[in-house]
Amino acid sequence: EQRRAADIIRLLLLYRPLLDAFVIDFFTDGLWAQLPPAWQPALAGATPVQLAGLLGGRGGPGAAWPLSLLAFAAAARALAFPRGCPGGSPRPPCQSSHLHPLLRRHVKPKKQHEIQRLGKLLQRLSQATGCERVVDIGAGQGHLSRFLAFGLGLSVTAVESEGRLVGLAERFDKELLWELGKTRGLGRKRPHLLPLIPRAPQHVAGRLDPAAPWGEFLLPPNPPGPGPAARNPLGGPGGSEDGGQVLLTGLHACGDLSPALLCHFARSPAVAAVALVGCCYMKLSTAPQPPGCPPGYPLSTSVAALPGHQLSYRAREAACHALEEYEGRLRGGSPQLRAHCYRAVLESLIRATDPAKRHLGLQPGRKAHALSFPQYAHLGLSLAGLDPAGVPLDSGAVEAMLEQQHKVVAFFTLGQLLAPAVETLILLDRLLYLREQGFHCALVPLFNPRFSPRNLVLVAARTPLAMVLAGLDKDSEDGDS
């Protein structure tokens, strides 16, 4: 693991200009000319399907790739942690037949797939550790907590910082309890489904304090809500409120919330194990934090000691991209492929009109790729506070940039090749942090990466994990996805 982390850093250092580049600067910063000269002709003549083969390593129509480009792609794929085989149909997931119908309400198919898989893993952790209490941090509307409590019979405390979501989760619980009273015979009609248990989770409004000692835990919600301050769900020095230990979990815990959970696990004997899926790596803190509160990255002394371990905002943002989804767009020749070119041309027009306006967070619409470029540019320029009438949209220069869409797509594909390696480095750092303190831990591809790009769960415990992980990849998938 340490060697893999070091090798990833060496690779990223070799191609840092590619990794740190924003594709919207393709024309303003002349990004194409910064590629190795031997790569440019091959990439300029590559079809989207050939780029998909380069990205996924699963072949395709032949392309005369330079050996240095093939070596770059092979190294990036070899160093990234395996994400599991997408398999199945490329269509979006359907309603999960493995979840009770009452647990599917208000839950999108993607989330159904995730809570069913993570819930089963937490059930295994519960059986291996003897802990039946789960603390779900960043619980949102309580979908995972509801499945753990009603579906698996675990005692669950759901912690969420946004009071509105806490109220919504409690309302969904009440709806489920009411419906459960009306449909007690539903389980008999569906023998493959276990009957639900009328045991709602406890919902707590509060924020995790990364710097707090483990005996403390929560800050008031922001903004503070009415009523007394939330009690620490981990309890006092003896463990949880009932004297036992708990399992800690977070499903797509955003930014610094993920490392904060790991730090609390590491210093709290009340936590027997943790199962964590991270998200939003660009929000990780990388600068020194207050005493007792390590940065979000790096956590481990192993990675912190490696020269060049630093990751830019752009690199961490790239690690959140959906690699499998973009490969699918390439193979299908999706109209969405023009989106990056549109945005890069728009950036060039904005900078030419007002150099002070740079990297504005413009959102011309989710279907912007379906517009003609003049329509797209009118929307984007207006959002940037510029008059579209004063910007020439039909000039030869604009047309020449639009004709380079294939180059923009090829450049973005190269960045996508490195994205999984960046995510692997961030996750290896967390794994090594736990190993340095003597814990048992593993990274497991738990979700279908085609639908859940952040699909790697970090599992850690104070006891060996062999019982938990044995045969996990053979557990029943959501047959509908």
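Residues numbered from 1 in each chain as written. Predicted model: local features only at pLDDT ≥ 70, side-chain atom pairs only at ≥ 80, totals over all residues. Heavy atoms only, no water.

- The name an unreviewed UniProt entry gives the chain is rRNAD protein, with Hylia prasina as the organism.

**Focus: the overall build of the chain**
- Across its full length, the chain carries 19 helices and nine strands.
- Counting every position in the chain, which comprises 481 residues, the buried fraction comes to 52%. (Helix = DSSP H or I, 4+ residues; strand = E, 2+ residues; numbered from the N terminus. Buried < 20%, exposed > 50% of the residue type's maximum accessible area, 1.4 Å probe, protein only.)

**Focus: unusual backbone geometry**
- Of the consecutive residues Tyr297 and Pro298, the connecting peptide bond is found in the cis state with omega at -5°.
- Tracing the backbone through its elements, the reader meets Pro298 in the loop between strand E7 (271-279) and helix H12 (301-304).
- Even without being glycine, His106 reaches a positive phi, approximately 65°.
- Mapped onto the elements, His106 comes out in the loop between helix H6 (101-104) and helix H7 (109-129).
- One non-glycine residue, His252, lies in the positive phi region at around 60°.
- Along the chain, the position of His252 falls in strand E6 (residues 246-254).

**Side note on the pairing of strand E1 (residues 133-137)**
- Of all five residues in E1, five are buried, a share of seventy percent or more.
- With burial as the criterion, each face of E1 is covered, one bearing Arg133, Val135 and Ile137 and the other bearing Val134 and Asp136.
- In this sheet, strand E2 (residues 155-160) lies alongside E1 in parallel orientation, the contact comprising five bridges. In the sheet register, Ile137 faces E2, and the bridge partner there is Val159.
- The β-α-β motif built from E1, the intervening helix H8 (residues 143-151) and the parallel element E2 has right-handed crossover chirality. (Pairing = 2+ DSSP bridges. Right-handed = clockwise from strand over helix to strand, strands pointing away.)

**Section: empty space enclosed by the protein**
- Counting across every chain of the model gives two cavities of 30 Å³ or more.
- Considering only enclosed or pocket space, the largest cavity measures out at about 100 Å³ in volume.
- Lining the largest cavity are Leu102, Leu103, Arg105, His106, Val107, His143, Arg146, Phe172, Glu175, Leu176 and Glu179.
- Those elements that place two or more of their residues in the lining of the largest cavity are H6, H8 and helix H9 (163-182).
- With four residues, the top contributor of residues to the lining of the largest cavity is H9.
- Looking at side-chain class alone, the lining of the largest cavity contains five nonpolar, two polar and four charged residues.
- Estimates place the volume of the second largest cavity at around 40 Å³.
- Considering the residues around the second largest cavity, the lining is formed by Leu18, Ala21, Val23, Arg314, Phe411, Phe412 and Gly415.
- Per-element accounting of the lining of the second largest cavity gives the leading share, three residues, to helix H18 (residues 405-436).
- Partitioned by chemical class, the residues of the lining of the second largest cavity number five nonpolar, one polar and one charged. (1 Å grid on protein atoms, 1.4 Å probe; cavity = no way out; pocket = protein on both sides within 12 Å on 5 of 7 lines; lining within 4 Å. Points joined across faces, edges and corners; volume = space filled by probe spheres on them. Nonpolar A, V, L, I, M, F, W, Y, C, P; charged D, E, K, R; others polar.)

**Things to note about the sheet that holds E7**
- Reading across the sheet, the seven strands line up as E3-E2-E1-E6-E7-E9-E8 and stay open at both edges, with mixed pairing between neighbours. Whereas interior strands pair on both sides, the edge strands pair on one side only; in this sheet they are strand E3 (202-205) and strand E8 (440-445). Mean inter-strand twist for the sheet, computed between neighbouring axes without regard to direction, equals 15°.
- The sheet contact formed by E8 and strand E9 (residues 456-461) spans six bridges and is antiparallel. When the sheet's bridge partners are listed, His440 is paired in E9 with Ala461.
- The strands that helix H11 (residues 257-267) touches are E1, E6, E7 and E9; relative to E7, the one it contacts most, it runs at about 170°. (Axes fitted to C-alpha atoms, helices over the stretch in contact; angles between N-to-C directions. Contact = heavy atoms within 4.5 Å.)

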